[in-house]
Structures are given as structure tokens and as C-alpha cells.
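Report on the structure
Single-letter residue listing:
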Amino acid sequence: MPRHPKTPRRLVADGRPYLWTLRHSHRVLDSGRVADCRETLTLYPQPAGTGGPLRIVFVEAPGRYVPGGSPMGSGDVGYVRGASLNLHEPGAVRALLDAAAARGWQPGERRATEVDGWPLQEAAAATRVRDSNPAGP
């Protein structure tokens, strides 16, 4: 049976469990077109109450894409001429979590933290490439 897309997924990083969700949002213009697309990846440190959620937000902008599905996959974010990530992949989520921690996010912080995903994206994409080619060329 397939997983329900709104059900949080589980990830363990450095011995600490997290639940994570991915949501797409946008505005609908009077013309019916969509604007201001964004993907929000939220990680919830577990057990509940041991830390505030981390929200990593990707907002579409010139040179960056945040599609809402067809013809590109849901959860894809990237640069038009550069690296991309599929935010449905646990490895991409882990790479973003690691990049946020490297920039100072602490999972034990009690308050919710929202960060711009674009500064984390290149480091996370580089990690994904390195992890997919561990032996090198």
C-alpha cells in the first residue's frame, strides 16, 4: 500500500530521530495562473517537545525553479543552470539537515526556526553527488 503523501516521514540523523513533511504552496492569480510557488520542508526533532521544528523554505525566483508538479516532478527545486534536489528523497532531506546544522541550527532549540533553503541547496546537492560516487572517478 502506498504511503499517504501528507503523512510525516521518519529520518534518523546522528542517532536523533526526526519526522519530516514537504508542502507546496502558491497564490492563484485572477487569471487562474499560479505565482509565488514555494516548497516548505519541515523537520520535527523527536521525541516531540525536545526541540522546535526547522522549516527550510524554497521560494521561486529568477534562475530558480520550484515547480508544482507536471511536467517536472513534485518536490524538485534547483537552479535553472545548476544543481537540483528532489525534496521527496530522504538523502536530500538529510543533506539539507546537515547543511543547516553546519550553519548553526541546533535541533534542541525550543523555538521554530525558518531558513531560506537556497543558501543550503548547493552544499546539499554537492553532498548528494559525493554520496552517489563514493569511490570517485
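Please refer to the structure higher up on the page.
Scope of this entry: the structure provided in the associated data block. (Residues numbered from 1 in each chain as written. Predicted model: local features only at pLDDT ≥ 70, side-chain atom pairs only at ≥ 80, totals over all residues. Heavy atoms only, no water.)

1. Quick word on the environment of W118
Along the polypeptide, W118 turns up in helix 2 (residues 118-132). Residue classification places W118 among the buried positions, given a relative accessible area of 4%. Along the primary structure W118 and E60 are separated by 58 residues, whereas in three dimensions their C-alpha atoms are 9.8 Å apart. Ignoring sequence-local partners within four residues, the contact set of W118 consists of F58, V59, R64, Y65, V66, V77, G78 and Y79. (Helix = DSSP H or I, 4+ residues; strand = E, 2+ residues; numbered from the N terminus. Buried < 20%, exposed > 50% of the residue type's maximum accessible area, 1.4 Å probe, protein only. Contact = heavy atoms within 4.5 Å.)

2. Considering the pairing of strand 2 (residues 16-28)
Bridge count for strand 1 (residues 9-13) against strand 2 is five bridges, and the pairing is antiparallel. Residue pairing across strands places A13 opposite R16, the latter belonging to strand 2. (Pairing = 2+ DSSP bridges.)

3. As for the pattern of salt bridges
Counted according to the given criterion, the structure contains four salt bridges. In this structure, D98 and R94 form a salt bridge, with 3.0 Å as the shortest nitrogen-oxygen distance. Of this pair, D98 and R94 both sit in helix 1 (residues 90-102), four residues apart, roughly one helical turn. R94 sits in the partly exposed class, given a relative accessible area of 25%. Linking E109 and R111 is a salt bridge whose minimum nitrogen-to-oxygen distance equals 3.6 Å. E109 sits in the partly exposed class, given a relative accessible area of 23%. On the accessibility criterion, R111 (52% relative accessible area) is exposed. (Salt bridge = Lys/Arg side-chain N within 4 Å of Asp/Glu carboxyl O.)

By themselves, these are just geometric observations and shouldn't be taken as functional.
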